Amino acid sequence: MKNYDVVVIGAGSVGVPLSYRLAVRGLSVLVVEKLASIGQGQNKAAIGGIRATHSDRAKIKVGNASLDVIRRLLPEYGQDVDYIEGGYLFPAYSEEIARGLKQLLPLQKSFGLNIDWIDADEVRERCPGILAEGLLGGTFSPEDGHLSSLKLSGAFHRLAMQAGVDFIFNTEVVGFEVDKGKVRAVLTDQGKVSCSCVVNAAGGYGRDVSLMVGSDLPVYPDSHEAGVTEPVKRFFLPMLVDIAPDEQSDNYYFYQNAEGQIVFCITPRPKRMGTDRRSTSEFLPMVIPRMLHLYPRLRNIKVRRVWRGLYPMTPDGKPIVGFDRDVEGFFHAIGMCGQGLMLGPGLADIIALAIAEGKEDEEVFADLSPYRDFSGEELLK
Amino acid sequence: MRITKHPVLDVQEGKQVSFSFDGRTLVGKEGEMVSSALFANGIRTFSIHTVGDAPQGLFCANGQCAQCTVIIDGLPVKSCITPLREGMDVRTLVHHPELPADDALRSSHPPEELSCQVLIVGAGPSGITSAIELADLGFSVILVDDKDHLGGKLVLQTHKFFGSMADCYAGTRGTEIATILETEARNRENITIMTSSTVVGIYADGKAGIYQDRLEKYVHVSFEGLIVATGARERSLLFPGNDLPGVFGAGAFQTLVNRDLVKSSERVLIVGCGNVGLIGAYHALQAGIDVVGLIDIAPAVTGYKVHADKIQRMGVPIYLNHTLVGVQGDGKVEKATIAQVDESWNPLVETAKTFAVDTVLIAVGLSSADEFYASGIEGGFPVLKTGDANEIAEASSAMMGGRIIGREMAKLLGSDVTIPAEWAEKAEILKSHPGEVFSRSYKLQEKGWEPMIHCYQEIPCNPCTTVCPHDSIHLNDRTGTIMDIPEFSGKCVGCGLCVLICPGLAITLARKSKEEGLAELVVPHEFDHDYEPGTKVRLRGVEGADLGEGTVKAVRHNKKHRTSLITLEVPLELATSAVGILVQQEEVIQPLKETDFSYMPDNAVVCRCERVTVGEIKEFVRENDVTDINQLKLSRLAMGACGGKTCLDLVPRVLMQAGVDRGNIHPATHRPLTVEVPMKALANQGGGQK
């Protein structure tokens, strides 16, 4: 195989847009993927929410960068990814939840986020039929949205191919050739690829890949199950996030996609650690009653398909982004905590700039450093 | 348009109810499927697709696809599995449905948790026989089926069975075998039967999720072992117009015609000359439906010769080396064009013939529905598959195979049982493909009756040898199995039992008349008729050649076999060659004077749910580097209600046409749920019917 400037490991939410940005910056790029095509790992498992509404500055910045790219995909690049700017809506049915959401607002606004408290009537107007009883209102961020994860990776794949990126599939990375502290080649089960830079964008398997250069980074996947319904005529636009926990689960969220289907997901408690992606019997009885309590009219919609995807978690809920300090030319872009889809497009240019021109965005690279103190906790999960 | 008289099926009167369709008041039978009630009222368009406003009609009639979705009382439901009730408000589904503002809060309930040692999915011939076997060994069994009765596809099979009488009820009609098996299963206390219950997922934690549509319930079943007896799906075919209402599977046709006694069509063309297509033609004729012909791209009939012979005798032509160029019509099937193919299977347009038909039946084979087997393997459970889910074969072999798999499962779960070696041998023979064809000629003896056995191809079948009261019919012992061909030697009293029992209608009785130059010929007849003595009929040779005229002398109807024996007076020289009489008039099979030569294969629909065409897939492949079928989901292929049940079987061929190397094609991922389930059922909010 030929020599590349950069080899990206993983053709997923992070790797595919990144490969495109690197190629646009004039680098020769190869993407190596273990599975048979793009987006077949966690990318296609992502339900499609895209937001900048986080609670820390790096993720907000990256999230905004993502939204900026996504908004331009159709008008400037001719790529339709079913993006709908429907906003994120966090309804509150208890004083405690309302208080918690309201407390975040000053911080979120300080980062320039367009988010505010809306009253119960406005929540009901935006989501006709949502449970009225006990509804106190909620926070709403109109500039967030949702899209098709399949179409997003497909769009960047086409752009990357047009920009000259090479892809190889069904190829597993087994190690690296490191000489005098510098990465020289990627070793795969299909042979060796020489390169001067490697980006680990291996998602759920990111820790395993970093371990191959002796870097033990705290990325441990847990898994969430998700589902999609039949399509119906549009009746609401926002991503609805109910953060009130019940006995078996924490938050759950759902939205109506461009096809008219409801896409939904839940965070089970306790967390299900590991990389098992087989569907379980627990998911539907866990999530459906909660959805029907919040939105009774969903009772008549039919569930079409279920699946399970990995959330490659870090201890503080923030991604790990940055060069390895011991192996020159090895870049970590892992631990997306289930947000690779919404962070990937924004991270792509930030990382490409660092690799191609050595320019690191200070805030992002400081906050997401592989060598940061991981003891902090995310406020808005 | 109902079948009011049927030669082998009882026509049940049923209670009439009135319902409305798009505001028009119509009448149907209470409890019949809404789709059948609509067909009976001449309605064949059920919905309008969002893509291209294309009209959609019934396709599988088996609850598997969602082509038959209509709006009933405000909600989209599959009409083929929804029983008709008085006062139903049925409407055409136009684009996506609107979710009703049904905003009252109701309480949800967790699924009921059941358990068993062995869960058997599918109560067709193989599922029931494995359940019986396991129950007799003391295992607790839950037998689940998505239909409201047991027997699987046996209930659609009105013809007499092939196979051996001792092992699989050969000579008995499928409908009757279903009843026998159901009774046996219900007589065993350790078999719990769940009907109208669809397994929608086999989950990693050792549970099956089961949707009970009538009860609007969702239950879990834990199991130690899993037997997948889910049968098969009909393969589809790519041709322009393949999604028009009026193109449907042979299974759907059997369901409408044989189960629901609805005259689904006036005139059909059948694609595929395997047993399913051949039997489909026979069932059509019995239901009073014209058959313009059967076509197959193969150079030979793949089904049993006796089946092909009998329908040709009845006046249905078989076009081999032919393909379906396209189906035309304004929102429904009106015409179908066929043409002969060259060596590379391209149609020779100059050979095209266009027929006026309202229905095209697709009978191009089956593919195993074995996704739950894959789920079982993935889950690491003891799992076995049987019947068509394991290997496509006749129901006779499925019954034998089911017994074996029942015992295999007992062994997997630690039971010390043996499986008789001859069971496996029998199962092998019963699923044999038709073997060699031999020729044979008869010479009529001077006195007395003699059976003329026009059975020339080795097939697994022996009922004629077991019914003869004088034990005068024996297999010729060429292979020493029931594949061998029957031969007569010995005494014949002319009782006609061999004529009545032969599933191929391939046996006649003949004797010389007292009058010089004439003979008496007894032929089987499974049609309604009013032949008075003296009626002239056209005599047909074994493969359908017209031989001349015969005169009806007498008709005896055998109630048990639901078959008539027609005694004919025929010229002596035809007594050994005439095998049956013409049933369908010859003008039926004439093509139209004007032939439609257009050939636009890229317009064929691959994914019916999302209406993705061959042309669109080819374009997608050109724009994206595609080898993984999962990538095609971007075009929405396989993203619809059915989950790729039909299209995923067709896609590899399209990819190859688009230049993708077959060896590089990566298959699509399957995910639960098998069928769509309303959230109210998943949450057990109640409201189902008792």
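Residues numbered from 1 in each chain as written. Chains lettered and ligands numbered in written order. Predicted model: local features only at pLDDT ≥ 70, side-chain atom pairs only at ≥ 80, totals over all residues.

1. A look at the overall build of chain B
Along its length, chain B carries 15 helices and 39 strands. Over its C-alpha atoms chain B spans a radius of gyration of 26 Å, differing by no more than 12% from the 26 Å that the globule rule assigns to 690 residues. Here the C-alpha coordinates of chain B stretch approximately 85 × 65 × 55 Å along the principal axes. The buried share of chain B, reckoned over its 690 residues, is 56%. A separation of at least 24 residues holds for 67% of the contacts in chain B among residues at least 6 apart in sequence. (Helix = DSSP H or I, 4+ residues; strand = E, 2+ residues; numbered from the N terminus. Rg over C-alpha atoms; globule rule 2.2 N^0.38 Å. Buried ≥ 20, exposed ≤ 12 C-beta atoms within 10 Å, placed from the backbone. Contact = placed C-beta atoms within 7 Å.)

2. Points about the overall build of chain A
Assigned secondary structure in chain A consists of nine helices and 19 strands. In terms of overall dimensions, chain A is globule-like: its C-alpha atoms have a radius of gyration of 20 Å, near the 21 Å expected for 381 residues. Principal-axis analysis of the C-alpha atoms places the extent of chain A at approximately 65 × 40 × 40 Å. Put simply, chain A has 381 residues, and 57% of those count as buried. The long-range share in chain A, meaning contacts at least 24 apart out of those at least 6 apart in sequence, stands at 75%.

3. Comments concerning helix α7 (residues 305–313) of chain B
All names here are of chain B. With nine of nine residues buried, α7 lies mostly within the body of the structure. For α7, the set of buried residues is K305, V306, H307, A308, D309, K310, I311, Q312 and R313. For α7, the elements touching its buried residues are α6 (275–286), β21 (318–320), β33 (536–540) and β36 (580–581). Where α7 terminates, the next one or two residues include G315, which has phi positive at roughly 110°.

4. Focus: the pairing of strand β18 (residues 320–323) of chain A
The side chains of a regular strand alternate between the sheet's two faces. Residues and elements named next belong to chain A. A two-sided burial pattern is seen for β18, the buried positions comprising I320 and G322 on one face and V321 and F323 on the other. Pairing of β18 with strand β19 (residues 330–334) involves four bridges; the strand directions are antiparallel. The residue of β19 that forms the bridge with V321 is A333. Linking two consecutive strands that pair antiparallel, namely β18 and β19, is a turn of six residues; a positive phi of about 85° is found at G329 within it. (Pairing = 2+ DSSP bridges.)

5. A word on the domain arrangement of chain A
All names here are of chain A. By the assigned domains, chain A splits into domain 1 (4–76 + 149–218 + 316–367) and domain 2 (85–142 + 221–313). A separation of 28 Å is found between the C-alpha centroids of domain 1 and domain 2. Facing 20 residues of domain 1, the contacting portion of domain 2 comprises 24 residues. Taken together, the residues of the side of domain 1 that touches domain 2 break down into eight nonpolar, ten polar and two charged. (Domains from an automatic or database assignment. Nonpolar A, V, L, I, M, F, W, Y, C, P; charged D, E, K, R; others polar.)

6. Some thoughts on the interface of chain B and chain A
Where interface size is quoted, it is often the accessible area lost as the parts come together. Residue-level contacts link 47 residues of chain B with 41 residues of chain A. Among the secondary structure elements, those contributing two or more residues to the side of chain B that touches chain A are β14 (207–212), α8 (371–379), β39 (677–678) and α15 (679–682) of chain B. Among the elements that line the side of chain B that touches chain A, the one with the most residues is α15(B), at three residues. Its residues assigned to classes, the side of chain B that touches chain A comprises 20 nonpolar, 13 polar and 14 charged. Direction of pairing for strand β17 (residues 302–313) of chain A relative to β39(B): antiparallel, over a ladder of two bridges. Looking at β39(B), one finds that K302(A) is bridged to P678(B).

7. What to know about the sheet that holds strand β24 (residues 353–356) of chain B
Residues and elements named next belong to chain B. The strand order β22-β23-β24 describes an open sheet built from three strands, whose pairing is antiparallel. Lying at the two open borders of the sheet, with one neighbouring strand each, are β22 (322–328) and β24. Strand-to-strand twist across the sheet, computed as the mean angle between neighbouring axes with direction ignored, equals 25°. As judged from the six bridges shared by β22 and strand β23 (residues 335–340), these two strands associate in the antiparallel manner. Directly across from L324, in β23, lies its bridge partner I338. (Axes fitted to C-alpha atoms, helices over the stretch in contact; angles between N-to-C directions.)

8. Some words on α8(B)
The α-helix advances 3.6 residues per turn, and as a result positions three or four apart in sequence lie on the same side. Residue and element names in this part refer to chain B. For α8, the full list of buried residues reads F372, Y373, S375 and G376. Mapping the buried residues of α8 onto a view down its axis gives an arc of 160°, with all of them on the same face. Looking at the residues trailing α8, positive phi occurs at G380, about 75°. (Arc of directions from axis to C-beta.)

9. Description of the environment of C607(B)
All names here are of chain B. Note on placement: C607 falls in strand β37 (residues 605–607). For the pair C607 and F438, spaced 169 residues apart in sequence, the C-alpha to C-alpha distance is 44 Å. With residues near it in sequence (within four places) discarded, C607 still touches V612, L637, A638, G640 and C647.

10. Examining the domain arrangement of chain B
All names here are of chain B. Each assigned domain of chain B is listed here: domain 1 (16–97 + 236–362), domain 2 (112–232 + 368–430), domain 3 (450–589) and domain 4 (601–664). Averaged C-alpha coordinates put domain 2 and domain 3 at centres separated by 37 Å. Here the residues of the side of domain 2 that touches domain 3 sort into six nonpolar, four polar and one charged.

11. A word on unusual backbone geometry
The linkage connecting R269(A) with the following residue, P270(A), adopts the cis geometry, with an omega of -5°. For P270(A), the position within the fold is in the loop between β15 (261–268) and β16 (272–273). A cis amide bond links P672(B) to the next residue, L673(B), at an omega of 5°. Mapping L673(B) onto the fold places it in the loop between α14 (647–657) and β39. For R611(B), which is not glycine, the phi dihedral falls at a positive 50°. With respect to the secondary-structure elements, R611(B) resides in the loop between β37 and β38 (612–613).

12. What about the packing of helix α1 (residues 15–24) of chain A against helix α5 (residues 149–162) of chain A?
Residue and element names in this part refer to chain A. At a minimum axis distance of 8 Å, the contact between α1 and α5 shows a crossing angle of 25°. Judged by the angle between their axes, α1 and α5 are roughly parallel. Crossing of α1 against α5: the hand is left-handed. Contacts from V16, P17, S19, Y20 and A23 of α1 reach α5 at S153, F156, H157, L159 and A160. (Parallel < 35°, antiparallel > 145°, perpendicular 65-115°, else oblique. Left-handed = near helix turned anticlockwise from the far one by under 90°.)

13. Overview of the sheet that holds β14(B)
Residue and element names in this part refer to chain B. The strand order across the open sheet built from four strands is β9-β15-β14-β13, with neighbouring strands paired in mixed fashion. Each edge of the open sheet carries a strand with a single partner, namely β9 (112–115) and β13 (197–202). Averaged over all pairs of adjacent strands, the angle between their axes in this sheet comes to 30°, without regard to strand direction.

14. What about the packing of helix α2 (residues 57–77) of chain A against helix α8 (residues 340–357) of chain A?
Residue and element names in this part refer to chain A. Taken N-terminus to C-terminus, the directions of α2 and α8 make an angle of 95°; their axes are 7 Å apart at the nearest point. Here α8 runs roughly perpendicular to α2, going by the angle between their axes. Within the contact between the two elements, α2 uses K59, V62, G63, N64, A65, S66, V69 and I70 and α8 uses M342, L343, P345, G346, L347, D349 and I350. Each residue belonging to the contact of α2 with α8 can be placed in one class, and the counts come to nine nonpolar, four polar and two charged.

15. Re the pairing of β19(A)
Residue and element names in this part refer to chain A. Judged by how many residues are buried, β19 sits mostly within the fold: five of five residues are covered. Both faces of β19 are covered, namely the face carrying F330, H332 and I334 and the face carrying F331 and A333. Alignment of strand β11 (residues 191–200) against β19, held across three bridges, turns out to be parallel. Looking across to β19, one finds that N200 is bridged to H332.

16. A closer look at the environment of K385(B)
Among the structural elements, K385(B) can be located in strand β27 (residues 383–385). Filtering out sequence-adjacent residues up to four positions away, K385(B) remains in contact with V228(B), D370(B), Y373(B) and N390(B).

17. Let's talk about the environment of E230(A)
Mapped onto the elements of the fold, E230(A) is located in strand β12 (residues 220–231). Taking the C-alpha atoms as reference points, E230(A) and G87(A), 143 residues apart in sequence, are found 22 Å from one another. If near-sequence neighbours (up to four positions away) are discounted, E230(A) is found in contact with Q261(A), I301(A), K302(A), R304(A), A641(B) and E676(B).

18. Overview of the confidence of the model for chain B
It should be kept in mind that the predicted coordinates are not to be read in detail where pLDDT is low. Put simply, chain B has an average pLDDT of 94, and 100% of its residues get 70 or more. Confidence metrics for the complex model read pTM 0.95 and ipTM 0.97. (pLDDT = per-residue confidence, 0-100.)

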